[in-house]
Amino acid sequence: MHSNHLLLEEPIRMASILEPSKPSFFPAMTKIVGTLGPRSESVEIISSLLKAGMSVARFDFSWGDAEVHQKTLDNLKVAVRSTKKLCAVMLDTVGPELQVVNKTGKAISLKEDGIVTLTPDLEKDASSELLLINFKGLSKAVKKGDTIFMGKYLFTGSETTSVWLEVSEVSGDEVVCVVKNTATLDGTLFTLHASQVHIDLPTLSENDKEAISTWGVKNKIDFLSLSYTRHAEDVRQARAFLSKLGELSQTHIFAKIENIEGLTHFDEILQEADGIILSRGNLGIDAPPEKVFLFQKAALYKCNMAGKPAVVTRVVDSMTNNLRPTRAEATDVANAVLDGSDAILLGAETFRGLYPVETISTVGRICCEAEKVFNQDLYFKKTVKYVGEPMTHLESIASSAVRAAIKVKASVIVCFTSSGRAARLIAKYRPTMPVLSVVIPRLKTNQLRWSFSGSFEARQSLIVRGLFPMLADPRHPAESTNTTNESVLKVALDHGKASGIIKSHDRVVVCQKVGDSSVVKIIELED
């Protein structure tokens, strides 16, 4: 596992660190996934989120029904059109999540050293002595001495709104526990997590399948976040299910690693999945605290070397209720970038937080500062060494394009692609400049009508660090034999100039196919 040494100019002047950063068109190379919910469902707020830097909108189906999510997604589409900023859609499944049900909604107070019984009998009423759970098999899964954790929404880790329980006895279908800390559970639904215990429930539940085959198909989701992925077979089964749903066969599956079981089978899961989400809220409970940072660094390194996007969650929890993150949280965001994360996922902060727009702006600024001291040279050498020789044709082209861009100090890399794979490979080598991924549409038919591919591929690059997509006009030739205005390259360069990332006399590295050959060329722009 490599260590990312900071790239700082000697001598380091502390005063210079405090100097304001220059504004840039892209808030950061690292992408931000925002969870849309009660505090972020209006067109106005979503538009502000897009302008602040959100590039993927997450819809969490453990909360709300399809109708509520559809209304929010319709507002997202309006916001995308008005801001002219692309945004991908991620459906997050519920999976084998255990829940505590409190039908009355009255606050439940639990006292330290008290006794509480967990029962699957949902006909009873919840109280300080009896909590109702949605899983009959818990008594068969746990044993005396096991730890159970429960809290409202996502785990907050707060000892006043979340509670630790220790199993003292198993009696039939019921589990008797000792309360380890005083807490108040307020609301109708809480999440329950049994630490390092296998829960015998399918990763893709029937409710998940229903949501995907209706809401997911209707909205052509770009990403499926597969909650509680524990084995590679979970990903294979999800892909088999998506393959039966027409266009969703193109949907990328991100395995959400939430427990020790998923970490144990990480290598096989990574091989099958299109990307990884490190759900640090649950992982932080399942794993010993002193091991969490090691899991993060090792997992991100493996994703980086495989060229698959890695997403980190739970970074600025305090911004759910506060305008500024804590010092530890600000450092945590920066370390996630330096460790190699492609994207930061915000959950409660944008879903129900008081400052969703400010949170995305703040996280974007921290990412941007961390990227400036990311040691790309060291990273590049380690990646090339890891890939080894002989390289594949495409890998060789991608690494050469990045090396050339750095040597000539190019302002941008332009990559023509139809599947998105070439652009993602270039991004794998973490160039210091943006990669403009120009997606060339392909004409396809289902024997009843003609259509163009490309929109899926363009949006799916919105979760990859450093990739910024542009969907080419299919009427324009990918390779121009003369200097006509219809050249896709000219359109891409004009887009770059309008965006402010390309100026006159800048050098640009272009990666494209000419006939059967892949070509990397360097061009210098004129006035």
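Each remark here, short or long, concerns the structure printed above.
Residues numbered from 1 in each chain as written. Predicted model: local features only at pLDDT ≥ 70, side-chain atom pairs only at ≥ 80, totals over all residues. Heavy atoms only, no water.

1. A word on the sheet that holds strand β7 (residues 130-133)
Counted only if it meets this: Being paired, for any two strands, means DSSP has found at least two bridges between them. Secondary structure is summarised from DSSP: a helix means a run of H or I of at least four residues, a strand means a run of E of at least two, and numbering begins at the N terminus for each. Note on geometry: axes are C-alpha line fits, over the in-contact stretch for helices, and angles between N-to-C directions span 0 to 180 degrees.
Strand order in the closed barrel made by the seven strands is β4-β7-β6-β10-β9-β8-β12, with mixed pairing throughout. Ignoring strand direction, the axes of neighbouring strands in this sheet form an average angle of 35°. In terms of strand pairing, strand β4 (residues 98-101) meets β7 through two bridges, oriented antiparallel. Paired with Val101 across the two strands is Leu132, which belongs to β7.

2. Let's talk about the packing of helix α2 (residues 43-52) against helix α3 (residues 66-83)
To keep things clear, this is the line we draw: Angle categories: roughly parallel below 35 degrees, roughly antiparallel above 145, roughly perpendicular from 65 to 115, and oblique for all the rest. Take the far helix as your reference; a near helix turned counterclockwise from it by less than a right angle gives a left-handed crossing, and one turned clockwise gives a right-handed crossing. Any pair of residues with heavy atoms lying within 4.5 Å of one another is described as a contacting pair. For this scheme, ten residues count as nonpolar: Ala, Val, Leu, Ile, Met, Phe, Trp, Tyr, Cys and Pro. Four count as charged, namely Asp, Glu, Lys and Arg, and the remainder, Gly too, count as polar.
Direction vectors running N to C along α2 and α3 enclose 55°, while the axes themselves pass 8 Å from each other. For the element pair α2 / α3, the angle class is oblique. At the point where α2 passes α3, the crossing takes the right-handed sense. Contact with α2, carried on its side by Val43, Ile46, Ser47, Leu50 and Lys51, involves Thr72, Asn75, Leu76, Val78, Ala79, Val80, Ser82 and Thr83 of α3 and no other residues of that element. In terms of residue class, the contact of α2 with α3 is built from seven nonpolar, five polar and one charged.

3. Some thoughts on the side chain of Ser411
Applied cut-off: Definition of a polar contact: a pair of N or O atoms within 3.5 Å, with one able to donate and the other able to accept a hydrogen when the atoms are protein atoms, and with sequence-neighbouring residues admitted only if both atoms are side-chain atoms.
Tracing the backbone through its elements, the reader meets Ser411 in the loop between α15 (393-407) and β18 (412-417). A polar atom in the side chain of Ser411 sits 3.3 Å from the side chain of Asp506. Ignoring sequence-local partners within four residues, the contact set of Ser411 consists of Met433, Pro434, Ile501, Ile502, Asp506, Arg507 and Val508.

4. Here's the deal with the packing of helix α11 (residues 327-339) against helix α13 (residues 356-372)
The interhelical angle for the contact between α11 and α13, taken along N-to-C directions, is 50°, at an axis separation of 9 Å. In terms of axis orientation, α11 runs oblique to α13. In terms of crossing hand, the pair formed by α11 and α13 is right-handed. In this structure, α11 uses Ala330, Val333, Ala334, Val337 and Leu338 to contact α13, whose residues at the interface are Val363, Ile366, Cys367, Ala370 and Glu371. Residue composition of the contact of α11 with α13, grouped by class: nine nonpolar, no polar and one charged.

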